[in-house]
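# Results of the structural survey
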Amino acid sequence: MIGWPRPQSAETTPKNEESPSLPTEAFCNDFERSRELMSTGNSNTDGVSGAHCANGADGAIEEIGASTVGVPDSEAFVAQAEAEMEQRITAAIAGLRAVVTRPGGASAVTFDEQFEAQLRGLGADVIEQTTEMVAAGYLTSDKVRQLIDAEYTRRFQDLIRAGERDVLPRLVDVAALGPVDLSGAQDGEEPPAKFPYVQGLILALGTTLIAAEGGVGKTWIGLQACVEAARANGWESGSAIYVDADVNPADSMTTRLRLLGVPDEAIRNRAVSVVRLPALAEMWGHTSDHPEWQALRSVVEGARRRPPKVLVIDSLAAVLATFGGDENSTPDVGRVLQGLIGRVRDLCSVIVLDHVGHEALARPRGSSSKAPAVDEVLQLTALPHRKDAAELTLEVKAGKDRFKSLHYHFAPAGSSGQRFDVGVIEVVKDAHGQFVFEVEPASEAGAREAKNREAKEAALFLKRRAAVQELIEAATPDGGLTKQNIINAMTDEKGPFPQELVPPRDQLREVVTALLDKLHGSGAIEKGKKVGSGFYWVRTPAPQALAASVSEPQVGDDPFVGQPLPDLDGLLAMRVIESAEGAA
């Protein structure tokens, strides 16, 4: 952008009355401000005269707005603004023509159709300020066209790079846009609905970014969403589109569709249309520098006219490569996720497959602008198979959950924020050899693990309790055992207690006290002879009646042992009877 030289101070300016005066400091500021406004595409908000150029574009908006106060019709508002703008530009061009006319009547500048179009494109502010520069003698007439050509070219290139153009002022009141539709509004906040695809993981409208290391199974998730959408749509052609920018083998993709239960006729009919960008670019004859990028744009424009239920982009890195983009570049990522995919995100479910970094496995690789540009982020990690029939086992974590559905339906209790555990996906083969997706929410997994942990702790408590009962039963009826005798026996490496029954030493006294209290409360043992501050514990005289006095419930299945635990009644009765028989 060309900058105007600043006027010299009074002390340094040569005193030459015949030389043209230089522009004032304020005038230079105004002119350069107009150029800054041009670079942001705001120069055509005209509406002030050249005598008020210090107001710039802001003044233009104020004056236009003031002249249309009380106009309720949005179309009339725009029409009046356009008319005022055209009148002012025409007057400004006439003023410039007048100052560049030589004394003899010949113009120093040829005002042909192209030059006038350039002037109109730059706007009245620039024309009027150029006129004042010529009138002040700072800019000679023969340089005017050269300056306008350069400024117009620069501004045009800036607009192309920014993808913007000058706009007219618009009203956004009820007269222009109509009343707000309240038919879908709720009186209060309701629980978010569960998403429709992959058992609630993939939303119906919006963009889902799935990030994982290569080979984990992202493609399977994308294809499964396509298959579910196509099945729900009656296997109609074009129900789902899978854009394979990574160019997976065609036979491999067809095999996967069959494994996911797609009938051959639906595959032939492209109910799930798997397309490869190189083939499309060649078929459609794209001859630009980036034919595959143009092919993808064509696919997206087609999806705008006839939206599929699901659109999968595999992968983001491959798409960026089609136009030489960089996944670490925020503008390049935005060009894909917002500029291109943003055109269809409100029409269908868009799934973008991406990679995680080699070191930062907890987020998508590259620019941090990826997550803000999408509605949800899922991160996948491979796990060891938990079932013999499992083909794929994946841990799922959420990196973003804009609509709160994942958190409501999957997150464990107490989780908060955007990052949380979602659950585990298992892909297993059914009796027909087809793949079936099973998703266990993290909330259910947590409850199951807690139940298993409680069962394990209960089983361990029963074993300790029965062992203490057996120890007391083995003692002489008259002598019994003190609490300290039991503690010593439990810590004796050669004693009767297996290692798993011996708690940590700092908990041992508390554990033994709890065991004795339980046994005494159930009638299995009773207090005997007093010893110091304590007493001996002795067995109940009638061991056969013990089973009737025990009220401990059955624990159930212990998943760590794999066998049903005996109920406490039977366990204690068996041990007491065996002890009585042994004593006899």
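These notes cover the structure that comes with them. Quick caveat: nothing in here was measured; it's all calculated off a predicted structure.

## A closer look at helix H4 (residues 113-122)
Considered for burial, the residues of H4 that qualify are Phe115, Gln118, Leu119, Gly121 and Leu122. In a view along the axis of H4, the buried residues occupy a sector of 160 degrees, so they form one face of it. Just beyond H4, the residue with positive phi is Gly123, at close to 95 degrees.

## Focus: the sheet that holds strand S3 (residues 272-276)
Each strand in a sheet pairs with another by means of backbone hydrogen bonds, the pair being arranged parallel or else antiparallel. Taken together, the 9 strands give an open sheet; going across it, the order is S3-S2-S4-S5-S1-S6-S7-S8-S9, and neighbouring strands pair in mixed fashion. Since the sheet does not close on itself, it has two edges, and those belong to S3 and strand S9 (435-441), each with one partner. When strand polarity is set aside, the average angle formed by the axes of neighbouring strands in this sheet is 20 degrees. Bridging between strand S2 (residues 240-244) and strand S4 (residues 310-314) involves 5 bridges; their strand directions are parallel. What sits directly across from Val243, in S4, is Ile313.

## Re helix H17 (residues 483-491)
Along H17, the positions that sit buried rather than exposed are Ile486, Ile487, Ala489 and Met490. The buried side chains of H17 occupy one side of the element, clustering within an arc of 165 degrees when seen end-on.

## Let's talk about the packing of helix H8 (residues 218-232) against helix H9 (residues 250-259)
Taken N-terminus to C-terminus, the directions of H8 and H9 make an angle of 55 degrees; their axes are 10 Å apart at the nearest point. Relative to H9, the element H8 is oriented oblique. Regarding H8 and H9, the two cross each other, and that crossing is right-handed. Along its contact with H8, which presents Thr219, Trp220, Leu223 and Val227, the element H9 presents Met253, Arg256, Leu257 and Leu259. Broken down by class, the residue content of the contact of H8 with H9 amounts to 6 nonpolar, 1 polar and 1 charged.

## Some thoughts on the environment of Ala232
Within the secondary structure layout, Ala232 lies in helix H8. The class for Ala232 is exposed, based on a relative accessible area of 71%. It is 9.5 Å that separates the C-alpha atoms of Ala232 and Lys309, two residues lying 77 residues apart in sequence.

## As for unusual backbone geometry
A cis amide bond, omega 0 degrees, links Asp314 with the succeeding residue Ser315. Mapped onto the fold, Ser315 is located in the loop between S4 and helix H13 (316-321). The phi dihedral of Gln199 falls on the positive side, at around 55 degrees, and the residue is not glycine. When you line up the elements, Gln199 lands in the loop between helix H7 (174-177) and strand S1 (206-212).

## Here's the deal with the environment of Trp537
In this structure, Trp537 sits in strand S11 (residues 534-539). For the pair Trp537 and Ile472, spaced 65 residues apart in sequence, the C-alpha separation works out to 7.1 Å. Beyond its immediate chain neighbours, meaning those up to four positions away, Trp537 contacts Ile472, Gly480, Leu481, Lys483, Leu516, His520, Ile525, Glu526 and Lys527.

## A word on the packing of aromatic side chains
Summed over the entire model, instances satisfying the criterion amount to 3 aromatic pairs. Their ring planes at 40 degrees and their centres at 5.0 Å tell us that Trp220 and Phe435 sit as a pair that is tilted. Of this pair, Trp220 sits in helix H8 while Phe435 is found in strand S9, placing the two residues 215 residues apart along the sequence. Like Trp220, the residue Phe435 is buried in the burial classification.

Cut-offs and rules
Residues numbered from 1 in each chain as written. Predicted model: local features only at pLDDT ≥ 70, side-chain atom pairs only at ≥ 80, totals over all residues. Heavy atoms only, no water. Buried < 20%, exposed > 50% of the residue type's maximum accessible area, 1.4 Å probe, protein only. Helix = DSSP H or I, 4+ residues; strand = E, 2+ residues; numbered from the N terminus. Arc of directions from axis to C-beta. Pairing = 2+ DSSP bridges. Axes fitted to C-alpha atoms, helices over the stretch in contact; angles between N-to-C directions. Parallel < 35°, antiparallel > 145°, perpendicular 65-115°, else oblique. Left-handed = near helix turned anticlockwise from the far one by under 90°. Contact = heavy atoms within 4.5 Å. Nonpolar A, V, L, I, M, F, W, Y, C, P; charged D, E, K, R; others polar. Phe/Tyr/Trp six-rings, centres within 6.5 Å; stacked < 30°, edge-to-face > 60°.

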